[in-house]
Every structure is written in structure tokens, then in C-alpha cells.
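Structural features, examined
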Amino acid sequence: MTDNLAVSVLGTGIMGAAMARNLARAGHTVHAWNRSRDKAEPLAAEGVHIAGTPAAAVRDADVVLTMLYDGAAVLEVMRQAAPALRPGTAWVQSTTAGLDAIAELAAFAREHGLVFYDAPVLGTRQPAEAGQLLVLAAGPGESRQTVTPVFDAVGARTVWTGEDGADAGATRLKLVANSWVLAATNAAGEVLALAKALGVDPQSFFDAIDGGPLDMGYLRVKTGLVLEGRLTPPSFAVTTAAKDAHLIVEAGEQHGVRLDVAAASAARFDRAAAQGHGDEDMAAAYYASFDDDPAGA
């Protein structure tokens with residue numbers, strides 16, 4: 001049993017809600033805030049205290065955990081929380097943000113005397129709900145005993161990438177990992193779209209690669225969501241995937257790397273969102289293959 005911590009969770013979407021729930025189940029005192037309060041209210045049944053403002057949520061917190069849409073949203077919410085933040089509080093920043101955003105957030109942490117941890121996670125709805133996320137973390141070693149119980153409550157494993165969260169080592173690794181995930185997702189969708197266009201039964205493709213080096217569980221999971229019409233609720237929404245894809249392209253450009261596949265992924269996710277699939281699982285990027293028929297009929 002870990003020592004009881006007071007943990008503030010800012011952002012209770014798919015990931016944040018699961019993280020808050022698992023923190024409460026681990027015995028920590030959890031205060032949560034969400035811009036749309038109705039999304040946070042169900043957590044009250046799990047013992048989570050719902051706050052009306054970010055400042056109310058972070059008051060007396062040992063650890064503040066942010067899991068919001070992007071870096072700009074995190075900075076806005078932390079500015080709202082600033083009057084109640086105590087110097088020395090550990091800040092676990094788990095939102096997937098761009099490299100420039102991490103620099104801004106780390107600067108905010110220094111300004112307010114917070115101990116900053118760059119700590120994005122790998123995983124979607126199911127591993128989040130099971131407390132089986134992979135935590136990627138960078139931050140000072142002398143305060144890790146404070147944040148380790150938080151990582152243990154939400155994740156199965158923590159991979160440390162460095163001692164300075166401001167260097168964004170964890171976010172860099174997250175962007176690399178997401179570049180593979182998003183590319184694989186769109187490749188899976190295009191396989192189905194091409195099979196449909198050529199009159200090929202998708203099962204014949206699966207049979208052809210079965211058990212070989214080209215086979216992968218992720219391919220079967222994502223194509224299954226499309227073929228079986230199980231795109232809601234999403235494990236990871238199209239709009240969020242689009243945001244991450246653009247961050248990956250931006251990071252490549254900043255470092256002199258042209259990422260053609262990531263750029264195409266961003267365009268496909270944008271197109272699927274424009275067709276009305278933004279709140280569906282990112283596998284719905286499949287529909288972006290059909291310009292004249294958004295339903296892919």
C-alpha cells in the first residue's frame with residue numbers, strides 16, 4: 001500500500017477519467033476538474049472529488065496531473081489554477097503536446113516553483129481503464145518518490161528518458177511511437193478501402209498473411225472496428241489522432257526531416273473529421289478513402 005497522496009487531475013476525457021479512477025482505487029485522494037463538468041461527475045461514484053474550477057482542484061495537491069487536449073489547453077488551465085498552486089508541487093504533464101509547448105509548460109513550472117515531469121503515456125481506452133498504460137517520463141530523480149505512486153496507479157510500466165522534463169525527452173519518444181501507431185492505423189484503413197474497390201474479400205487478405213511476419217494484432221483490431229461497425233465509443237478519436245499527426249509533422253520539420261507518411265496521415269484524419277467522423281475511433285480514417293461517398297458505400 002503506497003502512502004496516500006492528494007492528486008489533482010485536470011482533464012477527465014477518455015484517458016483522464018480512467019487515470020483519476022485508478023488513482024482513487026489505489027487509495028489516493030483525488031480531486032478532478034473538467035471543462036465540461038458533466039464528463040467528470042460520474043467519477044464521484046468512484047470516490048473522486050469533483051471541483052468547479054482548476055484552482056479548487058489543485059489546492060493542497062501533492063501532485064497535479066494534466067491530461068487535456070493539447071499544450072495550449074494545458075497552459076490555459078494551469079494559468080487558471082495558478083493562484084492555488086503551491087511551490088514544490090509535482091506536476092505530471094501527460095497531455096501529448098508539441099516540443100514547443102513542452103518548453104512553454106516547463107517555463108510556467110519554473111515560474112511557479114513546480115517540479116515538472118514530462119510524462120505522456122502510451123495506450124488507449126482499454127489499457128487506461130485497466131491501469132496498464134506505459135508511462136514515458138522525464139524529470140528530476142530527487143522527487144521521483146512522489147510521482148512514482150501516481151505512475152504505478154495508472155500504468156503497468158514506467159520508462160524514464162531523462163532527468164530534465166524541460167528537455168521533452170519523454171514527449172520526443174511519444175511522438176516517435178505515435179508516428180508508427182498512426183501510420184499503421186491508416187495503412188489498415190487503406191487495405192480495407194482497396195479491397196472494397198477491387199472486389200476482394202478482406203478475409204482472403206487476412207488468410208494470406210496469417211501467422212507470417214506481415215500479420216499483426218493491431219491490424220486485425222483496427223480493421224475489425226470498421227468491418228463490425230464498432231467505431232464508437234472511440235479508444236482514440238479521429239480528431240485527437242489528427243492533432244497528434246500534425247505535431248509529428250511539425251517536429252520533423254523543426255529537425256530537418258520530411259515525414260511524408262505522417263503528413264498524409266494528418267490529411268486523412270482531417271478529411272475523416274470533416275466528413276463527420278471526428279468523434280469516432282481513429283480507425284474511421286478508413287472513410288477518408290471515399291471522396292464521393294463518406295459512408296464508404
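Provided above is the structure to which this section pertains.
Notes on the structure follow. Being a predicted model, the structure only gives us computed values, none of them experimental.

Scanning the protein chain for helices and strands turns up twelve helices and nine strands. Relative to the globule expectation of 19 Å for 297 residues, the C-alpha radius of gyration of the protein chain, 20 Å, shows essentially globular dimensions. Across the 297 residues in the protein chain, those meeting the buried criterion constitute 52%. In the protein chain, the proportion of contacts linking residues at least 24 apart, taken out of those at least 6 apart, comes to 64%. Only carbon and sulfur atoms are counted for the fraction: they give 53% of the accessible area of the protein chain, which is about 13,200 Å². When the 22 basic and 35 acidic side-chain charges of the protein chain are each reduced to a single mean position, those positions are 3 Å apart.

On to the pattern of salt bridges, then. Following the criterion strictly, the structure yields 15 salt bridges and no others. In this structure, Asp62 and Arg86 form a salt bridge, with 3.8 Å as the shortest nitrogen-oxygen distance. One end of the pair, Asp62, is in the loop between helix H3 (54–58) and strand E4 (63–66); the other, Arg86, is in the loop between helix H4 (71–81) and strand E5 (90–93), and 24 residues separate them in sequence. Note on Arg86: relative accessible area 37%, which makes it partly exposed. One salt bridge connects Asp291 with Arg271, and the closest N-O pair in it is separated by 3.7 Å. Of this pair, Asp291 sits in the segment after helix H12 (260–277) while Arg271 sits in helix H12, and the two are 20 residues apart along the sequence. Assessed through its relative accessible area of 33%, Arg271 is described here as partly exposed. One salt-bridge network, in which partners are shared between bridges, spans Arg21, Arg25 and Glu46.

Taken together, the side chains of Leu194, Leu198 and Val200 present a nonpolar region at the surface, about 290 Å² in accessible area. Tracing the backbone shows Leu194 in helix H8 (residues 169–198).

Looking at the element boundaries, Thr185 is found in helix H8. A relative accessible area of 3% means that Thr185 is categorised as buried. Residues contacting Thr185, with those up to four places away along its chain left out, are Tyr218, Phe269, Met282 and Ala283.

The subject of this paragraph is the pairing of strand E6 (residues 115–118). Side chains Val115 and Tyr117 of E6 all project onto a buried face; the interleaved residues Phe116 and Asp118 project onto the opposite face, where all are buried too. The parallel pair E5 and E6, bridged by helix H5 (residues 99–111), forms a crossover whose chirality is right-handed.

With that settled, consider the nonpolar core. Leu10, Val64, Met78, Leu85, Trp91, Phe108 and Phe269 are the most contacted members of the largest nonpolar core, which totals 58 residues. Every element with two or more residues in this core is listed here: H3, H4, H5, H8, helix H10 (217–227), helix H11 (238–254) and H12. It is H11 that contributes the most residues to this core, eight residues altogether. Once residues lying within four places of it in the same chain are set aside, the contact partners of Val64 are Ser8, Leu10, Val58, Met78, Leu85, Thr89, Ala90, Trp91 and Val92. Within the second largest apolar cluster, 34 residues are counted, among which are Leu23, Val115, Ala119 and Ala128.

Our focus in this paragraph is a negative patch on the surface. A cluster of acidic residues, Asp100, Glu104, Glu250 and Glu253, forms a negative patch on the protein surface. Of all the elements in the fold, those that place two or more residues in the negative patch are H5 and H11. As for its position among the elements, Asp100 is in helix H5.

Once that is clear, we can look at H11. The end-to-end C-alpha distance of H11 is 24 Å, a good match for the 24 Å that 17 residues give at a rise of 1.5 Å each. Of the residues making up H11, those classed as buried are Val238, Ala241, Ala242, Lys243, Asp244, Ala245, Leu247, Ile248, Val249, Ala251 and Gly252. As for H11, its buried residues are in contact with H5, H8 and H12. Gly256, located one to two residues past H11, shows a positive phi value of around 75°.

Next up on the list: the environment of Leu198. Note on placement: Leu198 falls in helix H8. According to the relative accessible area criterion, Leu198 is exposed, its value standing at 60%. Each C-alpha atom of the pair Leu198 and Asp281 lies 25 Å from the other, and the pair is 83 residues apart in sequence.

By the secondary structure assignment, Lys174 is in helix H8. The side chain of Lys174 is buried and forms no salt bridge, while Asp244, the nearest opposite charge, is found at 5.0 Å. Setting aside residues no more than four positions away along its own chain, Lys174 makes contact with Thr96, Pro120, Val121, Leu122 and Leu136.

Tallied over the full model, the rule gives seven aromatic pairs. Residues Tyr117 and Trp160 carry aromatic rings whose centres are separated by 6.1 Å and whose planes lie at 70° to one another, so their mutual orientation is edge-to-face. Note that Tyr117 is positioned in strand E6 and Trp160 in strand E9 (residues 155–162), a separation of 43 residues in sequence. Of the residues examined, Tyr117 reaches a relative accessible area of 0% and is grouped as buried. Take Trp160: its relative accessible area is 29%, and that puts it in the partly exposed class. Through a chain of ring-to-ring contacts, the aromatic side chains of Trp91, Phe108 and Phe116 assemble into a single cluster.

About the thresholds
Think of each chain on its own: its residues are numbered from 1, step by step along the sequence as written. For a predicted model such as this one, the threshold for reporting local features is a pLDDT of at least 70, and the threshold for listing and counting side-chain atom pairs is 80 or more; totals across whole chains, interfaces and linings nevertheless cover every residue. The side-chain values count all of the structure's non-hydrogen atoms but skip hydrogen atoms and water molecules. We count a stretch as a helix when DSSP gives it H or I for four or more residues in a row; a strand needs E for two or more, and each element gets its number in order from the N terminus. Only C-alpha atoms enter the radius of gyration; for comparison, a globular chain is expected to reach 2.2 Å times N to the power 0.38, where N is the number of residues. For every residue, the accessible area obtained with a 1.4 Å probe (protein chains only) is divided by the maximum for its type, and the residue is called buried under 20%, exposed over 50%, and partly exposed between those limits. The contact criterion used throughout is that any non-hydrogen atoms of two residues lie within 4.5 Å. Each accessible area is a Shrake-Rupley result for a 1.4 Å probe, and residues are judged covered by the shown protein chains and nothing else. Positive charge is attributed to Lys and Arg, negative charge to Asp and Glu, and no charge count is given to His or to the chain ends. Charge coordinates come from a single atom per side chain, which is NZ of Lys, CZ of Arg, CG of Asp or CD of Glu. Salt bridges are identified by distance alone: a Lys or Arg side-chain nitrogen within 4 Å of an Asp or Glu carboxyl oxygen. A residue counts toward a patch only above 30% relative accessible area and without a salt bridge, and it is joined to like-charged neighbours within 9 Å or, for Val, Leu, Ile, Met, Phe, Trp and Tyr, to nonpolar neighbours within 5 Å. Here, the term right-handed applies to a crossover whose path from the first strand over the helix to the second runs clockwise when the strands point away from the viewer. Residues belong to one nonpolar core when they are buried, are Ala, Val, Leu, Ile, Met, Phe, Trp, Tyr or Cys, and are joined through side-chain atoms within 4.5 Å. By this rule, a helix spans an expected 1.5 Å times one less than how many residues it contains. Pairing of aromatic rings covers Phe, Tyr and Trp, the last counted by its six-membered ring, and requires centre-to-centre distances within 6.5 Å; plane angles under 30 degrees mean stacked, over 60 mean edge-to-face, and any other angle means tilted.

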